[in-house]
Amino acid sequence: HILCKEVVRYVGDYVALVVATEEGIAAQAAALVRIEYEELPAVFDVETALEDGPIKVHEDVGSYLPTGFQELEDFGLDPSKPNMFASFVQQIGDVEQGFTEADLIVESRYNIPFVSHCTLETHQCVVIPETDGRLTVYASEQKGSTARYEMASDLGMIPGDINYRIPYLGGGFGGKTGISTVDVAAIGAMRYGLPVRIVMTREESFVSGGLRGAAVISVKDGYREDGSLVARHIVLLGNGGAYSTHSAILIMCAGEGAVGNYRSPNLLIESYGIYTHTPPTAPYRALGSEYMVYPIERNMDEAAKRLGIGRDEIRLKNVLVDGDTDGDGKKVSNNGSLEILERTIDEIRLDEKRPPEGPWFFGKSIALANKFVGAEDPNGTGAHCRIGDDGTATIYVSHVELGHGGLSVDAMAAAEVLKLPFDRMRVVFGDSEQCPHDMGTFCSRGTLVNGNAVLLAAEDAKKKMFDIASGVMKLPVDALDTEDGKIFEKANPENAIEYKDLFTGDGSLMEAGQIMGTATWHHPFAFDEYPNENPTIYSYGGWGVEVAVNSETGEVRLEKLAGCYDCGTVINPMTCEGQIEGAFSMGLGQALYEETLLNDAGKVINPNFRDYRIPTFMDGPRNAAMSFSFVDRPYEYGAYGAKGIGEVSAIPVIPAIANAVSDAIGAELSDLPFTRERVLAAIRETNP
């Protein structure tokens, strides 16, 4: 729903809309609204909600209409579990038989809390009613042109009646994959025939902006004496909050995080999405892979300790290499996990542990992670490339720019094809009336899908230019080449014309029409089909970490950090480095500080940056302590060999820091974040 009808399902649910000409007047009017509530029983934790009890968050989920790309039958609804909105099972081999062959069984339970995306720009939009009855929308969202279709469905309109524009975003990280404000604003705009703007306050973003869901993960591992993994059983209970929205996709995709790095001959993954009376959730920078990678890496450290082998040895023993079969039963390719491990092991030197210095105890760790790349839809991703009469080139894409430099990569790719200087490239983006379809910027798909679409569109434009130049220069097409905005004869480079010479002085073509290259790119591995036997392509990353832990205060200090990533060909090193540095801060926050807290009535009690702690520059690593490198493994289907770095950059940070803290204090912690209070409690429990 857009506004609540009869039932309110979490503290913060939308119940009414107040519009005014000034924010202060709107606030005064909203304060006058009175709602009569009848208090209903509520459930806030996933394990209670999963039980077949009388408390139902939704009375009849099966009667709901699917939104966007969701089809309810795909999500494994079970009438006997009324609070379960998604159910996915991945299995290979015989897990029970595998456990009988194991010499060691390690069972652990992990709690991952709600966290906020903490985007600098909060969720907001402007909806403008036009004189012809259409709507123009400006929205801070990362869903691309598909948002227009979802909005049209919600409002009973046709997509052509909505011009959806997504300008530069001040961050998204997955929290802006839904249309959180535009439907509400559109109601006011259509009712009064005036533009309506909604800007969430920071508190509102913390409550209704889509948290990353909390989760309870149970992991049971079986190992042989030599450290070989023979069986693994993972059960994920993901807290989707009051409305599933895009958290259903997160639950569906989470299991991929468990199959991309290590051999799992007998593997069972059960992933369940559970409704509770807590704020609705959204994907976070990893799309659930962190749910799997964190407990797996924690369990591997514990197994190594019990088996009496090295933490590096147990990982090298089980790491996937090209030609292996992964935990999905698919052939492994383009996997840089082994090289990443070898580099981080060499850099961090796990066996060289520093002795304590006063209250400071030192610990080291390594951790490996993966994130699948792609998430293409059946419609593919489109791009246009127009050659202008001034010799510039303009590309048109629905690629959402969240500050990750994606549009720069698109322009660089087209400039490479057209052999144009970068300063003669133009980009038009995020305008549904001018730009072709793209489902959004998330799931590490930006460079991969948009980059490939732009390459094809630029090639199409180049072909059309050469066809026209062939007539102008009286030469066959195969005798022509291009460089620096000129088309020249290969055998006689002095015989050349500039791009602008393909046009007459008044800006019209010498022939007819315009030089417009168009293309749609479809990933050859059909990511939209699930499950399937096509190879899954991942990006990979790892960190070697040394920390110092103060045994008196619980403070954690970063001493040395050595990272390595495989994201295919690195097209723009500066952008990739920026992604890694920013993602490290987010991983650090999840490992040590960040947790959205709810009271016993389900209300968020720390919806601000005073009470919700994120890392500052004082908490982050010193420049001299941090280094990272890249594995050069071009991806066959990538744009110039590139895959993606946006999500995997954050995932290994969390277990690496957690394992290093545990190593330093000699105690096993499981529940994130490892706050000072939890670290001190673990120290006192281990050494009373």
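As a reminder, the structure under discussion sits directly above these lines.
Residues numbered from 1 in each chain as written. Predicted model: local features only at pLDDT ≥ 70, side-chain atom pairs only at ≥ 80, totals over all residues. Heavy atoms only, no water.

## Concerning the state of the cysteines
A complete count under the given rule lists zero disulfides for this structure. Left without a disulfide partner, C125 is nearest to the cysteine sulfur of C4, which lies 18 Å away. Sulfur of C385: no disulfide; nearest cysteine sulfur belongs to C435 and is 13 Å away. (Disulfide = S-S within 2.5 Å.)

## So, the pattern of salt bridges
Scanning the model with the defined rule gives 35 salt bridges in all. A salt bridge links D663 to K353; its shortest N-O distance comes to 3.6 Å. Residue D663 is found in helix α14 (residues 653-665), and its partner K353 is found in the loop between α10 (337-348) and β10 (360-372); the two are separated by 310 residues along the sequence. For E498, the salt bridge is made with K500, and the minimal N-O distance between the two is 3.8 Å. Relative accessible area serves as the criterion here: at 30%, E498 is assigned to the partly exposed category. (Salt bridge = Lys/Arg side-chain N within 4 Å of Asp/Glu carboxyl O. Helix = DSSP H or I, 4+ residues; strand = E, 2+ residues; numbered from the N terminus. Buried < 20%, exposed > 50% of the residue type's maximum accessible area, 1.4 Å probe, protein only.)

## Section: the packing of aromatic side chains
The final tally for this structure, using the stated rule, is 12 aromatic pairs. Note on W543 and Y565: the rings are 6.3 Å apart at their centroids and 75° apart in plane angle, and the pair reads as edge-to-face. With W543 in strand β18 (residues 538-550) and Y565 in strand β19 (residues 556-566), this pair connects stretches of sequence that are 22 residues apart. W543 gets classed as buried once you look at its relative accessible area, which sits at 0%. Here the aromatic rings of Y635 and Y637 are separated by 5.9 Å at their centres, their planes lie at 70°, and the arrangement is edge-to-face. Under the relative-accessibility criterion, Y635 is labelled buried at 3%. Since its relative accessible area comes to 29%, Y637 is described here as partly exposed. Within the aromatic cluster, the residues linked to one another by ring pairs are W543, Y565, F584, F628 and F630. (Phe/Tyr/Trp six-rings, centres within 6.5 Å; stacked < 30°, edge-to-face > 60°.)

## Observations regarding the nonpolar core
Counting residues in each nonpolar core, the largest one holds 100 residues, and the members touching the most others are W543, V547, F584, L592, I657, V661 and F674. Counting residues per element, this core draws most heavily on α14, which supplies nine residues. Aside from chain neighbours lying at most four places away, what touches F584 is W543, L558, L561, P621, M626, V653 and I657. One finds C385, M465, L480 and A519 within the second-largest nonpolar core, a separate group that totals 43 residues. (Core = buried A, V, L, I, M, F, W, Y, C linked by side-chain atoms within 4.5 Å. Contact = heavy atoms within 4.5 Å.)

## A closer look at helix α13 (residues 573-592)
Helix length check: α13, at 20 residues, gives a terminal C-alpha distance of 28 Å against a target of 28 Å (1.5 Å per residue), a fit within 8%. If you check which residues of α13 are buried, you get C576, Q579, I580, A583, F584, M586, G587, L588, G589, Q590, A591 and L592. Turning to α13, the residues buried within the fold contact β18, β19, β20 (626-630) and α14. (Expected span 1.5 Å × (residues − 1).)

## So, the packing of α13 against α14
The interhelical angle for the contact between α13 and α14, taken along N-to-C directions, is 45°, at an axis separation of 8 Å. Our classification of the angle between α13 and α14 gives oblique. For the crossing formed where α13 meets α14, the hand is right-handed. Across the interface between the two elements, F584, G587, L588, Q590, A591 and L592 of α13 pack against V653, I654, I657 and V661 of α14. Of the residues in the contact of α13 with α14, the class split is eight nonpolar, two polar and no charged. (Axes fitted to C-alpha atoms, helices over the stretch in contact; angles between N-to-C directions. Parallel < 35°, antiparallel > 145°, perpendicular 65-115°, else oblique. Left-handed = near helix turned anticlockwise from the far one by under 90°. Nonpolar A, V, L, I, M, F, W, Y, C, P; charged D, E, K, R; others polar.)

## Considerations on the side chain of H123
Following the sequence through the fold, H123 ends up in the loop between β2 (104-112) and β3 (124-129). Of note is the side chain of H123, whose polar atom sits 3.4 Å from the side chain of S205. For H123, the residues in contact, after removing those within four places along its chain, are G175, K176, S180, T181, I198, V199, M200, S205 and G209. (Polar contact = N/O pair within 3.5 Å; in protein donor to acceptor, adjacent residues only side chain to side chain.)

## Examining the sheet that holds strand β16 (residues 492-498)
Read across the sheet, three strands follow the order β14-β15-β16 without closing on themselves; strand pairing throughout is antiparallel. The sheet is open, and its two borders are formed by β14 (480-483) and β16, each paired with just one other strand. Sheet twist, expressed as the average angle between the axes of neighbouring strands with direction ignored, equals 35°. When strand β15 (residues 486-489) meets β16, the two strands line up antiparallel, connected through four bridges. Among the inter-strand pairings, I487 is bridged to a residue of β16, identified as I497. (Pairing = 2+ DSSP bridges.)

## Observations concerning the packing of helix α8 (residues 289-307) against α14
Their axes nearest at 9 Å, the elements α8 and α14 cross at an angle of 30°. When the axes of α8 and α14 are compared, the pair comes out roughly parallel. Where α8 crosses over α14, the two elements pack in a sense that is right-handed. Residues E290, V293, Y294, E297, R298 and D301 of α8 form the contact with α14, whose own contacting residues are I654, P655, A658, N659 and S662.

## What about unusual backbone geometry?
The step from L672 to P673 runs through a cis peptide bond, and the omega angle for that step is -10°. Position of P673 among the secondary structure elements: in the loop between α14 and α15 (676-686). In this structure, F173 is a non-glycine residue whose phi angle is positive, near 55°. On the basis of relative accessible area, F173 is assigned to the partly exposed category, the value being 29%. Even without being glycine, S444 reaches a positive phi, approximately 55°. By the secondary structure assignment, S444 is in the loop between β13 (425-429) and α12 (446-473). Looking at S444, the relative accessible area reads 12%, which means it is buried.

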